[in-house]
Amino acid sequence: MSGKKLKVIHYLNQFFGQIGGEDKADIGFMVKTGPIGPGLALQKALGDQADVIATVICGDNYFSKNPEQAGEEGLRLIEPYHPDLFFAGPAFAAGRYGIACGAICKAVGEKFGIPVVTGMYQENPGVDLYRKYAYICKTGNSARDTTESINHMIKLTFKLVSGEKGAHLVSRENLPKPEEYGYFSRIILRNEYTDKTAAERSVDKLLAKLLDKQFESEVVLPKFEKIPPPPPVKNLNTCEIVLVSDGGLVPRGNPDRLSGRGNLRWTTYEIDTFLPESFKSTDYEIAHTGYFPVQILEDPNRLVPADVMRDLIKEGKVGKLHPSFFSTSGNATVSRRCAEMGDEMGAEIKKRGVEAVILTST
Amino acid sequence: MVQITAVPNVAQMVGVNRILRGQSITCVVGNSVLTKEQEKALRRKYVLRALEILQTDVNTPTIFTLEVLG
């Protein structure tokens, strides 16, 4: 650490900020100079390495009613201080306070790229909402745990700013281990040097599991959200349907440059010119290296059932086929980007007033 | 939305609510051993079943098959 004192901003709610209790929970933002309440313990723990130069306070109701907007509002107050470090709470088990601490940490961390540290009890809803964006130290469920929680937060903070090994946070080599520093994993994979090959580590893990020894996976599996099912289609004979596929079907030459693996793009083609009744199989290619494409190249209707859809529309069974076909390639793409592309395509489909989707996947 | 796929478990895992099990990975709504006419009739069955599923109420990710049971 350099000799220069680090500038710290601390966030508190109306209660810990000594404005008042629930009756003051609707109060908006204010800034006070220096540390207040738990900030005094924070300053003590920071010693002469850092100064809590200001405390930002906001009522829990005011903040949690619209966390993203409040985060932005808080940011404007914090900006002039150019902080080196940012702390919030700890919020313990207080739900609205936890959400406020998480949201303001997220806003500050994204804007300034500085370490943002808070503390919460494991059941605080702020943990799952904001763990990816902030260091959330594990605390007890009430303010009795203040001193210990703050010491905990400081220990982690000193590690974050220590610059050990000369590594940067960007490369994540300096990311402290969640279990060692008592914070909720940010679900980030970090680089680590090891003498053992992946095969040796796999066998070690397997043996540990079989022998009932402490076992921890190196890979965090993605967690998928539950999506509320959309209501069923009511009138099929007036309904407009769009065909979507992640099988990588594109015109020959792949003009939109979908990748065959790890693809990050999606595109649309006018279905009547892209896949007319009298198509030529030499007009297509498959931008997807994950399956054998010969059968679909022979007849793309095997992937995108345009022929049958046209028949059903002629027969009056379906209202309309949307004039565009949405194409992407889903092969070893990270799930986060898949979800983003799904959101983008979904938004575009909704904007076009299409009521239902038939998605075909290889 | 209804997703037609020969690997419905993946769709179910990521939370797709209406899933129809497709014919095969490399030929989702077709079958290259059939004649052209037979194959199109099979594809028609898939699409009609998909349309039926779109009109069906579900409350959790559900995998349907081509054959309507009962």
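Basis of the calculations
Residues numbered from 1 in each chain as written. Chains lettered and ligands numbered in written order. Predicted model: local features only at pLDDT ≥ 70, side-chain atom pairs only at ≥ 80, totals over all residues. Heavy atoms only, no water. Helix = DSSP H or I, 4+ residues; strand = E, 2+ residues; numbered from the N terminus. Buried < 20%, exposed > 50% of the residue type's maximum accessible area, 1.4 Å probe, protein only. Contact = heavy atoms within 4.5 Å. Areas by Shrake-Rupley, 256 points an atom, 1.4 Å probe, with all protein chains shown as cover. pLDDT = per-residue confidence, 0-100. Salt bridge = Lys/Arg side-chain N within 4 Å of Asp/Glu carboxyl O. Pairing = 2+ DSSP bridges. Axes fitted to C-alpha atoms, helices over the stretch in contact; angles between N-to-C directions. Parallel < 35°, antiparallel > 145°, perpendicular 65-115°, else oblique. Left-handed = near helix turned anticlockwise from the far one by under 90°. Nonpolar A, V, L, I, M, F, W, Y, C, P; charged D, E, K, R; others polar. Buried area = accessible area lost by both parts, 1.4 Å probe. Polar contact = N/O pair within 3.5 Å; in protein donor to acceptor, adjacent residues only side chain to side chain.

With that settled, consider the overall build of chain A. Of regular secondary structure, chain A possesses 12 helices and 12 strands. Looking at chain A as a whole, 45% of its 362 residues are labelled buried. For chain A, contacts bridging at least 24 residues in sequence account for 71% of all contacts bridging at least 6. Carbon and sulfur atoms provide 52% of the accessible area of chain A, an area that totals close to 18,900 Å².

Next up on the list: the confidence of the model for chain A. Summing up the model confidence of chain A, the mean pLDDT is 92 and the portion of residues at 70 or higher is 96%. Between residues 166-170 of chain A, whose pLDDT stays under 50, and residues either more than four places distant or in other chains, the model counts eight contacts.

Taken as a whole and assessed by the stated rule, the structure comprises 21 salt bridges over all chains. For A:Glu315, the salt bridge is made with A:Lys317, and the minimal N-O distance between the two is 3.1 Å. According to the relative accessible area criterion, A:Glu315 is partly exposed, its value standing at 41%. By relative accessible area, A:Lys317 is classed as partly exposed at 40%. The network of salt bridges with shared partners includes A:Asp299, A:Asp307, B:Lys36 and B:Arg43.

Whether parallel or antiparallel, the strands of a sheet pair through hydrogen bonds between backbone atoms. Strand order in the open sheet made by the seven strands is S9(A)-S11(A)-S7(A)-S12(A)-S1(B)-S2(B)-S3(B), with mixed pairing throughout. Strand pairing shows two members of the sheet lacking a second neighbour, strand S9 (266-270) of chain A together with strand S3 (62-64) of chain B, which therefore form its edges. For this sheet, the mean angle separating the axes of adjacent strands, direction not counted, is 25 degrees. For strand S2 (residues 18-21) of chain B and S3(B), the ladder comprises three bridges, and the chain directions are parallel. Note on S3(B): the bridge partner recorded for B:Leu20 is B:Phe64.

Time to look at the packing of helix H3 (residues 67-78) of chain A against helix H4 (residues 95-112) of chain A. Residue and element names in this part refer to chain A. Between H3 and H4, whose axes approach to 9 Å, the crossing angle comes to 55 degrees. The orientation of H3 relative to H4 falls into the category oblique. Of the two possible hands of crossing, H3 and H4 adopt the one that is right-handed. Between H3 and H4, the contacting residues are Pro67, Glu68, Gly71, Gly74, Leu75 and Ile78 on the first element and Ile99, Ala103, Ile104, Lys106, Ala107, Val108, Lys111 and Phe112 on the second. Of the residues in the contact of H3 with H4, the class split is nine nonpolar, two polar and three charged.

Next up on the list: the interface of chain A and chain B. If you look at the interface, chain A gives 38 residues, while chain B gives 35 residues. Overall, the association of chain A and chain B removes approximately 3,100 Å² of surface from exposure, summing both partners, and the carbon and sulfur fraction of that is 59%. The interface formed by chain A and chain B contains six salt bridges. Measuring nitrogen to oxygen at the nearest pair gives 2.8 Å for the salt bridge that ties B:Lys40 to A:Asp311. Linking chain A with chain B are 18 residue pairs in polar contact (both at pLDDT 80 or more). For the side of chain A that touches chain B, the secondary structure elements donating two or more residues are helix H10 (294-298), helix H11 (306-314) and strand S12 (356-361) of chain A. For the side of chain A that touches chain B, the leading source of residues is S12(A), giving six residues. For the side of chain A that touches chain B, a count of residues per class yields 23 nonpolar, five polar and 10 charged. Two elements, S12(A) and strand S1 (residues 2-5) of chain B, share four bridges in a ladder whose sense is parallel.

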